[in-house]
Amino acid sequence: MDGSGEMTGDSTRCVHSSLDPEVTTGSVHTPIFQTSTYVQKDFSEHLGYEYARGDNPTRNALQRALAEMESPHQEAYGFCFGSGMAAITTISQMLKQGDHVIACDDLYGGTVRLFDQIASRFGIETSYSPLKSGDLGKLVRENSKILWLESPTNPLLTVHDLKALATEAKEHGLIVVVDSTFATPILQRPFELGADIIVHSTTKYIGGHSDVIGGCLITQSKELAEKISFLQNAVGAVPAPMDCFLILRGLRTLALRMNRHCESAQVLAERLQDNEKVTRLFYPGLKSHPTHEIAQRQMKAFGGMISLEVKGGEAGARKFAAQLKLFATAESLGGIESLINHPWTMTHAAIPEKQRYDAGMTPGLIRLSVGIEDMEDLWQDLVTALETL
Ligand SMILES: *Cc1c(COP(=O)(O)O)cnc(C)c1O
């Protein structure tokens, strides 16, 4: 379906992006093309599909839908990978020995591990900074190639001023990458703020049901798209057709789910703010959040993630998590079900301790992924557990 102009609403785009009836049967939804290769009429004479590492119709439908979600009014190119990390790795493979990456310091643990323990072995250097806007000039080196941003960040939910940072980065000729996993295409539009490449772990909100691992890269630049397309095929970190089908099915309800995640998280955060057992609280939708104003300007709503500390520090956090009945203790986020995570020992354990403290993380911090259950049930669960502290 032609995405320009007529499909303006988020829910409509979620449902209709790349929703073309399948040509041989008229199947409304794209089938799972479980194949590795395609017949050729003559040598190199085919219907556009040669080998499934290079392209697959189920993957292709998902790629087009994601590109349309992030860029409804301008042509864009989507690329899917076997995980968010595979997508991020593919960007690192656009670099060469001696190149330098500037990244925000409150970053997904796996991204830090990749840059520090793997890309570093190939001579790619990464510096981390809180990236207050105006700072970039001091961080840029002759060999700097990429500005790596995540917004909102994980786990402290800092919202970076993407427009200000991207504008500054362009003056230094940097490629601006935005990991927009926590925001999804529903809550913010990084291309309109200056991003060159958008990253999502589709494992999270886009898949939305905690039943699949995936990642994607999206760009409006034809030149970058050619490089990513080459790497996607040459490196081969591609997703399976079944996984693409599941992620595409998740995308169809993304706008609906995000509304619910955001509405519930806002109310829960406001109530937690007034609870005396809560000692620190991070939610970009609260006036008390350090980057609330940027979030208000940049995002349509404030997301479904809340981070907090409770009375008793790490021991308190452990007791709190053990009391919860609706929030399962698990890694990951963005599924229909509520989850609780302990970044210090779980998602962010791979980051060196000093670096974690520097980024504002503490051993008492817990992160909630607010699911789509009834909000009052979630509140009862939280408040009952808080009372035991
Ligand atoms: C989960 C996550 C990733 C990594 O994605 P996987 O699908 O787990 O490989 C990257 N960035 C952010 C912000 C994430 O939350």
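Residues numbered from 1 in each chain as written. Predicted model: local features only at pLDDT ≥ 70, side-chain atom pairs only at ≥ 80, totals over all residues. Heavy atoms only, no water.

**Student:** Honestly, the state of the cysteines in this entry has me stumped. Any pointers?
**Tutor:** Formally, a disulfide is one covalent bond, and it connects the sulfur atom of one cysteine to the sulfur atom of another. Here the structure, examined in full by the defined rule, presents zero disulfides. Cysteine 80 takes part in no disulfide bond, and the closest cysteine sulfur, belonging to cysteine 216, lies 5.4 Å away. The thiol of cysteine 244 is unpaired, and the distance to the nearest cysteine sulfur, on cysteine 80, comes to 5.6 Å. (Disulfide = S-S within 2.5 Å.)

**Student:** Explanation requested: the sheet that holds strand 11 (residues 339–341) in the structure shown.
**Tutor:** Two orientations exist for strands paired in a sheet by backbone hydrogen bonds: parallel and antiparallel. Ordered by their spatial adjacency, five strands build an open sheet running 8-9-12-11-10, and the pairing between neighbours is mixed. Edge strands, defined here as strands with exactly one partner in the open sheet, are strand 8 (278–282) and strand 10 (328–329). As defined by bridge partners, strand 8 adjoins strand 9 (residues 305–310) across four bridges and the pair is classed as antiparallel. Across the sheet, residue phenylalanine 282 finds its bridge partner in strand 9, namely serine 307. (Pairing = 2+ DSSP bridges. Helix = DSSP H or I, 4+ residues; strand = E, 2+ residues; numbered from the N terminus.)

**Student:** Just checking my understanding: could you explain the nonpolar core for this structure?
**Tutor:** The nonpolar side chains of a soluble globular protein tend to be buried, and buried together. One finds Leu147, Trp148, Ile306 and Phe320 to be the most contacted residues of the largest nonpolar core, which totals 106 residues. A per-element tally of this core places helix 10 (residues 254–273) first, with eight residues. Residue contacts for leucine 147: discarding those within four places in its chain leaves Ile102, Leu131, Leu136, Leu165, Ala169, Leu174, Ile175, Val176 and Val177. One finds Leu156, Phe282, Trp344 and Leu365 within the second-largest nonpolar core, a separate group that totals five residues. (Core = buried A, V, L, I, M, F, W, Y, C linked by side-chain atoms within 4.5 Å. Buried < 20%, exposed > 50% of the residue type's maximum accessible area, 1.4 Å probe, protein only. Contact = heavy atoms within 4.5 Å.)

**Student:** What exactly am I supposed to notice about the packing of helix 2 (residues 57–70) against helix 9 (residues 241–251) here?
**Tutor:** Packed helices, taken two at a time, are described by their axes: the angle between them and the distance between them. Where helix 2 contacts helix 9, the two axes come as close as 8 Å, and the packing angle between them is 35°. The way helix 2 lies across helix 9 gives a crossing that is left-handed. Note on element contacts: helix 9 touches helix 2 through Pro241, Cys244, Phe245, Ile247, Leu248 and Leu251, opposite Thr58, Arg59, Ala61, Leu62, Ala65, Leu66 and Met69. Residue composition of the contact of helix 2 with helix 9, grouped by class: 11 nonpolar, one polar and one charged. (Axes fitted to C-alpha atoms, helices over the stretch in contact; angles between N-to-C directions. Left-handed = near helix turned anticlockwise from the far one by under 90°. Nonpolar A, V, L, I, M, F, W, Y, C, P; charged D, E, K, R; others polar.)

**Student:** Is there a simple way to think about the site of the ligand in this case?
**Tutor:** Taken together, 14 residues lie around the ligand, and Met85, Asp179, Ser201, Thr203 and Lys204 are the ones closest in. In this structure, aspartate 179 approaches the ligand through a side-chain N or O atom, which is 2.7 Å from a nitrogen atom. Contact distances for the ligand include 2.7 Å between an oxygen atom and a side-chain N or O atom of threonine 203. Starting from 380 Å² of accessible surface for the ligand in isolation, the protein chains cover 93%. Sorting elements by how many residues they give to the shell around the ligand places helix 3 (residues 84–92) first, with three residues. Here the shell around the ligand is composed, by residue class, of four nonpolar, seven polar and three charged. (Near = heavy atom within 4 Å. Polar contact = N/O pair within 3.5 Å; in protein donor to acceptor, adjacent residues only side chain to side chain. Areas by Shrake-Rupley, 256 points an atom, 1.4 Å probe, with all protein chains shown as cover.)

**Student:** Before we go on, may I ask you to explain helix 14 (residues 375–387) in this structure?
**Tutor:** Structurally, the α-helix is built with 3.6 residues per turn, so residues lying three or four positions apart point the same way. Between its first and last C-alpha atoms helix 14 spans 18 Å; for 13 residues at 1.5 Å apiece the expected length is 18 Å, and the two agree. Where helix 14 is concerned, the buried positions are Met375, Leu378, Trp379, Asp381, Leu382, Val383, Ala385 and Leu386. In this structure, the buried residues of helix 14 make contact with helix 10, strand 8, strand 9, helix 12 (313–323) and strand 12 (366–369). (Expected span 1.5 Å × (residues − 1).)

**Student:** Which parts of the structure should I look at to understand the environment of histidine 100?
**Tutor:** Within the secondary structure layout, histidine 100 lies in strand 2 (residues 100–104). Here the alpha-carbon distance between histidine 100 and isoleucine 124, two residues 24 residues apart in the chain, equals 5.8 Å. Residues in contact with histidine 100, not counting those within four places in the same chain, are Glu125, Thr126, Ser127, Leu139, Arg141, Asn143, Ser144, Lys145 and Ile146.

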